[in-house]
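# Summary of the model geometry
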Amino acid sequence: MNNVNDYLINCKIREILKQDKEFYEKNGYLVIDNILPDKEQVDLLLKRAKDCFKHGGDKGVVPDEVSWRPGLSLDDKTREMVNSWKTDSLMAQLILNEDIGKLACTLLECDSVLIAQDDIFWKPVNGKSIGMHQDYPYFECMSKKVLTVWIALTDVSKENGTVEFVEGSHKWKDNNINNNNNNNNNNNDKESYSNNEFHAPVNYLKGLEGAIENNGFKSIDELTIHPVTVKAGGCSIHHGKLWHGSNSNPSSFKERVSVAIHFAPGDSVFSDTVKPCFSFGRYKIYRSNKLEESFYPITFSKNGYKSPIVFD
């Protein structure tokens, strides 16, 4: 994966302390500054992330999903690309980074981690919102534990539509509805709204309605919603069941670009009871629940193992 550059992406993550783990367990998220300390590399990643939408990646592999195409899609839509590590060598350097995998492994409290999925999010100036949702329902077909490392490639704040976390919502009662984005077609069901109304909802908070009612809240005003503020090269980490989303970008000159890396324990397998949606089902091996490492690479293990594709 390093054939396009003379150097590896430099990632520097401080030690995760006891108080960090306690904060994460209580609130469902953690913010860490400056995990990418080299500004030149951050700028290079930012340019490449946007180029992936405009021209495609350098591997010649089509990404699993692209929600925006220049000249065809609305310019104010928040752009999303799924699994850019498969299509571009530089993005792969970031997403398959061992130190980021170790960070995820520490907070997931497991022996190894694999990449379940990555997403580039490019919210243009005056870009539309992303509805409140949980990540876990998307990955329930493969794991009971999911964690996301969300890396800012631009400075992010409420001024340009940053991601917002509902503090403590990872401890809420489940909605008892499989709201997997491709498995639930009941758009009238309030509790499944979150994942059916992901891109550009009229009200980005509406996806919370069923969840807050199910957990004894009378209104959204009772919740503590934390907008992430971090410089380019910093990150946030959030629990797979934490409710999160982002408002529209009110800025006329500050775009917002980020990379979300979704991790699961390295020993995860496809579920016997939850049918995978198309995005994951296309990689399910006939009569096997194995997560094939060519598609779900292990990037960190306590015993030192990494999937062979990581070294490609």
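How each quantity is defined
Residues numbered from 1 in each chain as written. Predicted model: local features only at pLDDT ≥ 70, side-chain atom pairs only at ≥ 80, totals over all residues. Heavy atoms only, no water. Helix = DSSP H or I, 4+ residues; strand = E, 2+ residues; numbered from the N terminus. Expected span 1.5 Å × (residues − 1). Buried < 20%, exposed > 50% of the residue type's maximum accessible area, 1.4 Å probe, protein only. Polar contact = N/O pair within 3.5 Å; in protein donor to acceptor, adjacent residues only side chain to side chain. Salt bridge = Lys/Arg side-chain N within 4 Å of Asp/Glu carboxyl O. pLDDT = per-residue confidence, 0-100. Contact = heavy atoms within 4.5 Å. Pairing = 2+ DSSP bridges. Axes fitted to C-alpha atoms, helices over the stretch in contact; angles between N-to-C directions. Core = buried A, V, L, I, M, F, W, Y, C linked by side-chain atoms within 4.5 Å. Phe/Tyr/Trp six-rings, centres within 6.5 Å; stacked < 30°, edge-to-face > 60°. Lys NZ or Arg CZ within 6 Å of the ring centre and 35° of its normal.

### With respect to helix 2 (residues 39-55)
- With 17 residues, helix 2 extends 24 Å from end C-alpha to end C-alpha; this agrees with the ideal 24 Å at 1.5 Å per step.
- Residues of helix 2 that are buried: Gln41, Val42, Leu45, Leu46, Arg48, Ala49, Lys50, Asp51, Cys52 and Phe53.
- For helix 2, the side-chain oxygen to backbone nitrogen distance between the N-cap and Glu40 is 3.0 Å, and the N-cap itself is Asp38.
- Just downstream of helix 2 lies Gly56, where phi reads positive at about 90 degrees.

### Re the pattern of salt bridges
- Under the definition given, this model contains 16 salt bridges.
- Notably, a salt bridge pairs Arg48 with Asp58, separated by 3.9 Å at the nearest N-O pair. Taken together, the residues Arg48 in helix 2 and Asp58 in the loop between helix 2 and strand 2 (65-66) connect sequence positions 10 residues apart.
- Owing to a relative accessible area of 38%, Asp58 belongs among the partly exposed residues under this scheme.
- Between Asp174 and Lys241 there is a salt bridge whose closest N-O contact spans 3.3 Å. Residue Asp174 is found in the loop between strand 7 (163-166) and helix 6 (193-196), and its partner Lys241 is found in the loop between strand 9 (235-239) and strand 10 (244-246); the two are separated by 67 residues along the sequence.
- Given the relative accessible area of 40%, Asp174 is considered partly exposed.
- Salt bridges sharing partners connect three or more residues here, namely Arg48, Asp58 and Asp88.

### Remarks on the confidence of the model for the chain
- Mean pLDDT for the chain: 91, with 91% of residues reaching 70 or above.
- Every residue in residues 1-6 is under pLDDT 50, and counting partners more than four places away or in other chains gives 17 contacts.
- Contacts of residues 177-194 to residues separated by more than four positions or lying in other chains number 46 contacts, the stretch itself having pLDDT below 50.

### A short note on the sheet that holds strand 5 (residues 130-133)
- Spatially, four strands are ordered 5-10-7-8 in an open sheet, and the strand pairing comes out antiparallel. The open sheet has two free edges, formed respectively by strand 5 and strand 8 (225-227), since each of these has just one partner strand. Strand-to-strand, the axes of this sheet are offset by a mean angle of 25 degrees, without reference to chain direction.

### Digging into the nonpolar core
- By size, the foremost hydrophobic cluster in this structure holds 46 residues, and its most contacted members are Leu36, Leu147, Val149, Ile151, Leu153, Ile237 and Phe263.
- Put simply, the parts of the chain that give this core at least two residues each are strand 1 (29-32), helix 2, helix 3 (89-95), helix 4 (98-108), strand 4 (112-123), strand 6 (147-152), strand 9 and strand 11 (256-265).
- Contacts of Leu153, omitting those with residues within four sequence positions, involve Leu36, Val42, Leu45, Leu46, Ala49, Ala232, Val257, Ser258 and Val259.
- By size, the runner-up hydrophobic cluster in this structure holds 30 residues, among which are Ile130, Tyr136, Leu242 and Tyr296.

### Things to note about the packing of aromatic side chains
- Counted by the stated rule, this structure contains 12 aromatic pairs.
- Judged by centre distance (5.7 Å) and plane angle (65 degrees), the rings of Trp68 and Trp122 are edge-to-face. Of this pair, Trp68 sits in the loop between strand 2 and strand 3 (79-82) while Trp122 sits in strand 4, and the two are 54 residues apart along the sequence.
- Judged by its relative accessible area of 5%, Trp68 is buried.
- Residue class for Trp122 comes out buried when judged on its relative accessible area of 6%.
- Consider the rings of Phe121 and Phe198, whose centres lie 6.3 Å apart with planes at 35 degrees: the pair is tilted. Here Phe121, found in strand 4, pairs with Phe198, found in the loop between helix 6 and helix 7 (209-214); they are 77 residues apart in sequence, far enough to count as distant. Phe198 carries the same exposure label as Phe121, and that label is buried.
- Through successive ring pairs, a cluster of aromatic residues spans Phe270, Tyr283, Phe295 and Tyr296.
- Sitting over the face of the ring of Trp122, Arg79 holds its NZ or CZ atom 4.5 Å from the ring centroid.

### Side note on the environment of Arg79
- Counting through the fold element by element, Arg79 comes out in strand 3.
- What makes Arg79 buried here is its relative accessible area of 6%.
- Residues Arg79 and Val66, spaced 13 residues apart in sequence, show a C-alpha to C-alpha distance of 7.6 Å.
- Ignoring sequence-local partners within four residues, the contact set of Arg79 consists of Phe53, Ser67, Trp68, Ile120, Phe121, Trp122 and Pro124.
- At a separation of 2.8 Å, a polar atom in the side chain of Arg79 contacts the main-chain carbonyl oxygen of Asp75.

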